[in-house]
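Residue-level listing of the chains:
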Protein chains: 4
Amino acid sequence: MNVGNHLWFHDDHFHDECGVFAVFGHPEAAKLTYLGLYALQHRGQESAGIVASDGGRFNHHKGMGEVAEVFTEPVMKTLVGQAAIGHTRYSTAGETALLNAQPLVVNCNKGPIALAHNGNLVNAQQVRQRLEGNGSIFQTTSDTEVIVHLLAQSRAESIREAIPEALRMVEGAYSLVILTRDAVVAVRDPRGFRPLCLGRLDGAWVVGSETCAFDLIGAEYVREIEPGEMVILSEAGMESSYFTPPVKHAYCIFEHVYFSRPDSIVFGRPVQKSREMLGWLLAREHPAEADVVIPVPDSGTAAAIGYSTESGVPLKLGLIRNHYIGRTFIQPEQTIRDFSVKVKLNPVRSLLENRRVVLVDDSIVRGTTMRKIVRMVREAGALAVHVRISCPPIISPCFYGIDTPTKRELIGSQKSVSEICEFMEADSLGYLSLESMRKAVADAEGRYCHACYTGNYPTDFVELQLQAEAEAGDKTDVEQAFLGERGRRD
Amino acid sequence: MNVGNHLWFHDDHFHDECGVFAVFGHPEAAKLTYLGLYALQHRGQESAGIVASDGGRFNHHKGMGEVAEVFTEPVMKTLVGQAAIGHTRYSTAGETALLNAQPLVVNCNKGPIALAHNGNLVNAQQVRQRLEGNGSIFQTTSDTEVIVHLLAQSRAESIREAIPEALRMVEGAYSLVILTRDAVVAVRDPRGFRPLCLGRLDGAWVVGSETCAFDLIGAEYVREIEPGEMVILSEAGMESSYFTPPVKHAYCIFEHVYFSRPDSIVFGRPVQKSREMLGWLLAREHPAEADVVIPVPDSGTAAAIGYSTESGVPLKLGLIRNHYIGRTFIQPEQTIRDFSVKVKLNPVRSLLENRRVVLVDDSIVRGTTMRKIVRMVREAGALAVHVRISCPPIISPCFYGIDTPTKRELIGSQKSVSEICEFMEADSLGYLSLESMRKAVADAEGRYCHACYTGNYPTDFVELQLQAEAEAGDKTDVEQAFLGERGRRD
Amino acid sequence: MNVGNHLWFHDDHFHDECGVFAVFGHPEAAKLTYLGLYALQHRGQESAGIVASDGGRFNHHKGMGEVAEVFTEPVMKTLVGQAAIGHTRYSTAGETALLNAQPLVVNCNKGPIALAHNGNLVNAQQVRQRLEGNGSIFQTTSDTEVIVHLLAQSRAESIREAIPEALRMVEGAYSLVILTRDAVVAVRDPRGFRPLCLGRLDGAWVVGSETCAFDLIGAEYVREIEPGEMVILSEAGMESSYFTPPVKHAYCIFEHVYFSRPDSIVFGRPVQKSREMLGWLLAREHPAEADVVIPVPDSGTAAAIGYSTESGVPLKLGLIRNHYIGRTFIQPEQTIRDFSVKVKLNPVRSLLENRRVVLVDDSIVRGTTMRKIVRMVREAGALAVHVRISCPPIISPCFYGIDTPTKRELIGSQKSVSEICEFMEADSLGYLSLESMRKAVADAEGRYCHACYTGNYPTDFVELQLQAEAEAGDKTDVEQAFLGERGRRD
Amino acid sequence: MNVGNHLWFHDDHFHDECGVFAVFGHPEAAKLTYLGLYALQHRGQESAGIVASDGGRFNHHKGMGEVAEVFTEPVMKTLVGQAAIGHTRYSTAGETALLNAQPLVVNCNKGPIALAHNGNLVNAQQVRQRLEGNGSIFQTTSDTEVIVHLLAQSRAESIREAIPEALRMVEGAYSLVILTRDAVVAVRDPRGFRPLCLGRLDGAWVVGSETCAFDLIGAEYVREIEPGEMVILSEAGMESSYFTPPVKHAYCIFEHVYFSRPDSIVFGRPVQKSREMLGWLLAREHPAEADVVIPVPDSGTAAAIGYSTESGVPLKLGLIRNHYIGRTFIQPEQTIRDFSVKVKLNPVRSLLENRRVVLVDDSIVRGTTMRKIVRMVREAGALAVHVRISCPPIISPCFYGIDTPTKRELIGSQKSVSEICEFMEADSLGYLSLESMRKAVADAEGRYCHACYTGNYPTDFVELQLQAEAEAGDKTDVEQAFLGERGRRD
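Residues numbered from 1 in each chain as written. Chains lettered and ligands numbered in written order. Predicted model: local features only at pLDDT ≥ 70, side-chain atom pairs only at ≥ 80, totals over all residues.

### So, the confidence of the model for chain A
All names here are of chain A. Rules: Within a predicted model, pLDDT stands for the predictor's per-residue confidence, ranging from 0 to 100. Remark: residues whose backbone-derived C-beta atoms lie within 7 Å of one another are considered to be in contact.
Looking at chain A, the pLDDT average stands at 88 and 90% of residues meet or exceed 70. Across residues 3–10, confidence stays below pLDDT 50; counting only partners more than four residues off in sequence or on other chains, it has 24 contacts. Segment residues 473–490 is flagged for pLDDT under 50; beyond a separation of four residues in sequence, or across chains, it makes 49 contacts in the model. Reported for the predicted complex are a pTM of 0.81 and an ipTM of 0.86.

### Concerning the interface of chain C and chain B
Formally: To qualify as a helix, a DSSP run of H or I must reach at least 4 residues; to qualify as a strand, a run of E must reach at least 2; elements of each kind are numbered from the N terminus. Classes in brief: Ala, Val, Leu, Ile, Met, Phe, Trp, Tyr, Cys and Pro nonpolar; Asp, Glu, Lys and Arg charged; the others, Gly included, polar.
Taken together, the contacts link 51 residues of chain C with 51 residues of chain B. Of all the secondary structure elements, the ones that give two or more residues to the side of chain C that touches chain B are α1 (29–39), α2 (67–70), α3 (73–78), α8 (212–217), α10 (271–285), α11 (301–311) and α13 (349–352) of chain C. Counting residues per element, the side of chain C that touches chain B draws most heavily on α1 of chain C, at 5 residues. Residue composition of the side of chain C that touches chain B, by class: 27 nonpolar, 12 polar and 12 charged.

### A word on the sheet that holds strand β11 (residues 204–208) of chain B
Residues and elements named next belong to chain B. Under the convention used in this document: By this definition, two strands are paired if DSSP reports at least two bridges between them. Between the N-to-C directions of two axes lies an angle of 0 to 180 degrees, each axis being a line fitted to C-alpha atoms and, for a helix, fitted only over the stretch in contact.
Pairing is antiparallel in the open sheet, where 7 strands are placed in the order β4-β3-β5-β2-β11-β10-β12. The strands lining the two open edges of the sheet, one partner per strand, are β4 (58–64) and β12 (220–224). Neighbouring strand axes in the sheet, compared pairwise and without regard to direction, differ in orientation by 15° on average. Where strand β2 (residues 18–24) and β11 come together, 4 bridges link them in antiparallel fashion. Bridge assignment links Phe 21 to a residue of β11, and that residue is Gly 208. Across the face of the sheet, helix α1 (residues 29–39) comes into contact with β2, β3 (47–53), β5 (83–89) and β11 while running at roughly 25° to β5.

### Digging into the sheet that holds strand β7 (residues 111–121) of chain C
All names here are of chain C. Pairing within the open sheet is antiparallel, and its 6 strands lie in the order β6-β7-β8-β9-β13-β14. Two strands lie at the open edges of the sheet, namely β6 (104–108) and β14 (237–242), each paired on one side alone. Within the sheet, the average angular offset between the axes of one strand and its neighbour, ignoring direction, is 20°. As judged from the 6 bridges shared by strand β13 (residues 229–234) and β14, these two strands associate in the antiparallel manner. Note that in β14 the partner of Ile 232 across the bridge is Glu 239.

### Section: the pairing of strand β10 (residues 197–201) of chain A
The side chains of a regular strand alternate, residue by residue, between the two faces of the sheet. Residues and elements named next belong to chain A. Where β10 lies against strand β11 (residues 204–208), 5 bridges are found, and the strand directions are antiparallel. Paired with Cys 197 across the strands is Gly 208, a residue of β11. Counted along the chain from β10 to the antiparallel partner β11, the turn is 2 residues long, and its residue Asp 202 has a positive phi close to 50°. Here β10 pairs with strand β12 (residues 220–224) via 4 bridges, running antiparallel. Counterpart to Arg 200 in the pairing with β12 is Glu 220.

### A closer look at the domain arrangement of chain A
Residue and element names in this part refer to chain A. Just so we agree on the cut-off: Domain start and end points were adopted from an automatic or database domain assignment.
Domains assigned within chain A are domain 1 (15–247) and domain 2 (271–322 + 338–440). Each of domain 1 and domain 2 was reduced to a C-alpha centroid, and the two centroids are 36 Å apart. Across the boundary between the two partners, domain 1 contributes 12 residues, which contact 5 residues of domain 2. Among the elements of the structure, β1 (15–16), β7 (111–121) and β8 (172–180) are those that each provide at least two residues to the side of domain 1 that touches domain 2. Looking at which element gives the most residues to the side of domain 1 that touches domain 2, the answer is β7, with 3 residues. Grouping the amino acids of the side of domain 1 that touches domain 2 by side-chain chemistry returns 4 nonpolar, 5 polar and 3 charged.

### Description of the relation of the copies chain C and chain B
Let me state the cut-off plainly: Least squares is the method used to superpose the copies, on C-alpha atoms of residues holding a pLDDT of at least 70 in both.
For the match of chain C to chain B, the screw axis carries a shift of 0.0 Å, the RMSD comes to 0.1 Å, and the turn is 180°. Both copies are brought into coincidence by an operation consistent with a two-fold rotation axis. Comparing interface residues between copies, 100% of those in chain C also sit at the interface in chain B, which points to an isologous, same-surface contact.

### So, helix α6 (residues 145–153) of chain A
What counts is decided by this rule: Three exposure classes are used, all based on how many other C-beta atoms lie within 10 Å of a residue's own C-beta (placed from the backbone): buried at 20 or more, exposed at 12 or fewer, and partly exposed between those limits.
α6 of chain A sits mainly inside the fold: 9 of its 9 residues count as buried. When α6 of chain A is considered as a whole, its buried residues turn out to be Glu 145, Val 146, Ile 147, Val 148, His 149, Leu 150, Leu 151, Ala 152 and Gln 153 of chain A.

### Some details on unusual backbone geometry
Residues and elements named next belong to chain A. In this model, Pro 297 is joined to Asp 298 through a cis peptide bond whose omega is -10°. Of note, Asp 298 is situated in the loop between β18 (292–295) and α11 (301–311). Backbone geometry at Phe 267 places phi at a positive 55°, although glycine is not the residue there. Summarising the element assignment, Phe 267 is placed in the loop between β16 (265–266) and β17 (269–270).

### Here we look at the interface of chain A and chain D
Opposite the 51 residues of chain A that make contact, chain D presents 51 residues. Of all elements in the fold, only α1 (29–39), α2 (67–70), α3 (73–78), α8 (212–217), α10 (271–285), α11 and α13 (349–352) of chain A reach the threshold of two or more residues within the side of chain A that touches chain D. Counting residues per element, the side of chain A that touches chain D draws most heavily on α1 of chain A, at 5 residues. A per-class count over the side of chain A that touches chain D returns 27 nonpolar, 12 polar and 12 charged.

### As for the nonpolar core
Selection rule: Nonpolar cores are built from buried Ala, Val, Leu, Ile, Met, Phe, Trp, Tyr and Cys residues. These are joined into a set through C-beta atoms within 7 Å.
One finds Ala 22 and Val 207 of chain B together with Ala 22 of chain C to be the most contacted residues of the largest nonpolar core, which totals 322 residues. If we skip the residues at most four places from it in the chain, Val 207 of chain B touches Phe 21, Ala 22, Val 177, Val 184, Ala 186, Leu 196, Cys 197, Leu 198 and Ile 225 of chain B. Among the nonpolar cores identified, the runner-up in size contains 320 residues, and Leu 196 of chain A together with Ala 114, Ile 178 and Ala 426 of chain D belong to it.

Here it is in structure tokens:
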């Protein structure tokens, strides 16, 4: 889902926008969903929602905050039912944040429906305009709501028939879990941008964005929901069907580089395996004359271990992360140099002083944070600072459910590698090559999307998005949200 | 508006469900609306909302609580614009309360629209079913939302043309204020059930349910919006038109008996004038051998003064009201007799002891409260207790925007006057006659609705409502609200 | 108690600062105390506290807000015990408000003690300085805390012996309820400034500031606690003793004029009886050529009824009070004339137009509010406005537990009656005489304090207070509170 | 400080109870203190407080929650002054939590004083009893309050003279920062249990528990405050004096093992240096036949790197920590095996399967958590699990400011190493020896306290504490807190 405005994240990473989870056929469906969402909060931890069905009625709750804050004991008691779906996401600022929280819950002519979406539709604006022209009234600024209206408008008699009909009208990335009175439906878009996994627990079915959610509840991983597959979980068991002819897959490679939890299996492959391999290959492609390998915690740690192992340069925890970073932070009026980084990371002088340092991180978006880190490490006494990044330069925004800045804000699209090195004041800079990155995820068959590294997008409608983004002025989020003049990309 | 579930009020009165207010052409439109709502809180004080338009964009805020709690200084600062509408109402329990708060704000194919409604549509369910059949998705359980969907579905090109078209499809009571980007539209249903007044302030236009709202902001009362009239307030000034042929009027007589503030002019007549006259006529119709006239505060005070003046029996404040009644209240486990009344009223023994008392109130709904008061007065030493009520027995519920219990809960529909007297353990009981009540409001021309006293309803669709009410089971509010199985009356 | 800083009240009345309540020997002691405080909120409704003893341990809760807000169901469940005391008061601004909330609860060498105080000590500062000099650490800015330290410092072996010893060192007004592990002690200062009543309920003992608190819980009024009396309620029953030789009494006459609830018996006399008599005597002393008597609601209503009855001029509710006055209120930038009064009162033009009006209120402090009311009534069309006040001019502040402005802010101390009449723009002004006021409360024996009308104070130490008040600069409340530079009067 | 009741921490570590910080002579003293506390939250993150002095008046704020939550922008604006002290700590449950929050702020005969304490007094109960016997009233259950009363009782004329006098009466651990109107005083107990450092920033003086707080604000580390030293920071500059003759030092060795941040310099030595050395020495003392070294994140990571480097066995991130652990957590009714550990850690099957694993952590308190981790790792496919701990077995509780369970709950005091190995179901278990641990912190001179490993306590009064602990029954925290029946150790 995409709600048309964007919090920008301080730590200079791309961010996944959502995690989804669903359960069918368990007396504690909502509690398991709560635990599933809990394990998926790295995919978005600022709002959360759960809807449960007891066969007749829907019970639901959404709120701003972390899962353990939103779902208190009294709230959980109200979420009765053997089937449930849930959603966790990065919130957006302003009044519309809670309004846009998911799952969407509506009551239409096909009965009550709830829907949770991970991904982003690229033709949402076009579809919405057509629907509004016919008198539909949208309540949110979310691209996800067009699916709900397409379901309501469908002449199909049942919701199961309406889903394929509706999905054939949208384009883009969607891993969906849908709740009806008596079933959970899980769907993945034909290209399979975002992950979606199927599991079992004591005879019940579970669905989730990543397998780490299954581990927490002790569920068994069965398989991925396939691209273009619709799985219906009901009293009748599990039914699978495909709603479009097969197309070329486009798995998000960034899930392995950064988004997914290292303990998950994503697109059928353990993430930690990919991540260490990224570090090994990085050491081979870009060795360095150095005394210590220092990870940028926590994102660079796995690759740094790989780099250290392969290169033989010892690993040291030379940057310490502060664990208590609040969302708001009061700065002194008198400037403290590079304060925004200092508040998160502190160098360990005794490990850096008079050493040649290899600094390892997984990716660079704008580059401003890394510049401050390089400077901080040098001020702590490092003799040389070599920056190594375990993926190629990012040159293009994502329109498939990732929160990215505009093209012109991406340092990789504006500068060459040597210019970036100079900008960062590093002694050397090495990015992993596209080939090595694909090797690390075992992408022999070309099933992955790497548009953010190449600018080659696997769907239509992206030109319009890029153009809109280029034109986007200084409208505030609230006005965009309210007036339905949608955000940049949907 | 009617949201399909009902708080029941402890004080055994009918209650108005809403007050509306609007301003066009004033730089502080939202602040004036805030003050207008503040003065209208006797029409509903549990939630409030304001929407302002600055010509391009809508700015809005709604919340649960009293007006002065909901609208804080920072909130008010966001409500920029020269035009604004507002709504205050009795809230309903549960999660849907805020969802159903008004004004409704939507963005449809005719641009952004906000709408605030006082009254209740009697054919809302029928219209809604038709709209949902065509794929419309309703977000609330409110009857008011059908108007919004009718506006969106209309093939008229502008919102001004769409309003009459939409309103011709609904039946019932509605005093509406509607906000568009560049105008405020005020409409009153063809029978004129609920009041709606027009005023001026420094060149700006104001609209409100009662004139007491004009007094607070120093606005001048111009006239009533007429039944069936649509008034458009914009840069072009004030335009008036009628959207239906004239029908017989049906002003709510209860506005004069109880709802409206005594300092308002309603349906063109000062309310306090009606209320004292009710007391005078009551003294003439039902005199009593008594030593003191005691009002039930505060509802019976005006009529008690009239009764005392006309009868010559001295007025005494023999019942003292507690001013700090919270919404929730913890009772001791050990029963205190008639606690629910004691917590609100305390008798003054020195004024009641060894006196023959006339107890005056304005109306009786269920009768249980009055029975406790009679008992309490007698226990304080009264020799005799004569109850006098300044309107006739209420025998039928209202479907035009008033919160009333079902027919079978109305003591007037179940018992004769002498049975009621016995039930209350009073020495005598006198209700004002219908003729006197109509005389008190100067209704020579038969323009008032008195369906609650007679059962003669001025619109169709009421049979269905009565039947639904009779069948209504024990569904909880939440399930009714969510499943769209609507409340009793719409 | 007096906490050293003062909220000033908009309605231009003196205000009582506290109400106290206590129960011994009832399984629901805290719940009864809650109800007692509820009925006493006219004596202070901005913070409340209850402490219960179960024989071994104290359980307590205090909070800002009305009684029904502060004491929720879960809170009440924790307040276990057969004995309890409670306190309700006007809060003060700033951080210290909750800190200063009562009952005070401490654990000293004589065991746990809790104490609730209505009144004000006039030598608190002197005693405190001495105690601090000896190393005592005060936690609050309240005069009440000196009593607690005197109890802890006492060489008496038990708390019962320590109380008389401690109280002989303080001067001023105090109606106290004190809780120990196994008893409730109720004490009234030797002059009896503030009321304190004893009652019974089902074998338990209750103590409260006014009898209206007994009515709510169905307790029987036994008698007043006498001036200088200490009553101990314990398993051993009720024990009474006197801790000083008798002195001249000084009951606060303002309790009958304004503070106490009209349904209470205070100083042995029904308040409502005094209040009507004040109106009768006012009509005799200051008749007026007029068409209507209009009370200023609600403070003037009782006297207005007496005035109307005695004079024969009919009573009309010509000023309507708004019931939803919030504590904060946002004003429009563009001035609305006399807005601060309009927001509370609205004139009923149809009752005032072309009439000669007698406006009745109970007292005038600064006079600014009454000036606005006179103006408002005149603007509503009154031909003449005669102001009648049911007590004499107030010329001097109170130092015995009443919240009053400084001497120079009292209009009665600065202007003659004819100057006040002119200031108010009234056609005539009549104040009740001191003799009539004393007659209305049946004060033949001179047991009442009327220092605020005469400047004759019944205790020492008042000179110092007046002087301090005259010198008081612009220190903020917080600094006064923290630094222990105490407020004006203690 | 010790408040007499204890939260037990889920992660089976000892925990430091407090961090302190102070600034003198900087216009943004409170903001720097805020940042200092922010960096010290690993020493206690559940409540925080700051007091600032502007030379005349104290401004303060305390609250429950993390530093960035407690100190909002509006709060910070009130904390005016050139001198400030702050405190952050683990909160305790119940009503007394906020009451016990520090800094303590009182107004005594020597003027206003604020005090923040890291450590614990072992003779607090004895001193308190004596003070209460003389009439002192304690407001908290904290051992720290006795210092405040000793200051108030002192016959010394100034606070500077009173401090040494008071401190000579207490025994135990205390690193204190004290604020007076015009100075900051920093004191460390004669044995120097807890760290306390002095720094400079732009001409101002800063004091803090660890140097990581200086790094964040860009202050320069000057030196440690010495054991038994009192440093006064004022307009007159820095004055140092000693208040007792020198005694043997007793630095807490656990500060290097676990408590302090690795980027701090503590007791004059970089913590990270000690921590890696612990790992190296552990590998030498307890090698293992294994394929991978797996740290228990995050506490075991530094030692694991040392172990891996020394042993040559490759480091792998085989346990992934969940970053979103809320304070409360709802469990499903149906048991999930080892849920309490799963919710924090998830094994990475691809790294553990068919491998022989060395699991490294820094310490073991009860052992139950480690047992679950061993089991989890084995279930993920490990062929063998060797547990290595980078300190000796803990056999005795700490009474010097650390939150520890009772002796009988310490697995090291109840079982031999081989029994513990069996209990944990590990294939082997190795603890670092005391000599190696002392070598890792370079303790050639015997300046460190290692009572928790040996039971040899460096102060008196500990017998009483151990006895009290053995007798401690099941009194609730609240009753202990209120009745002043103090917790186990003071």
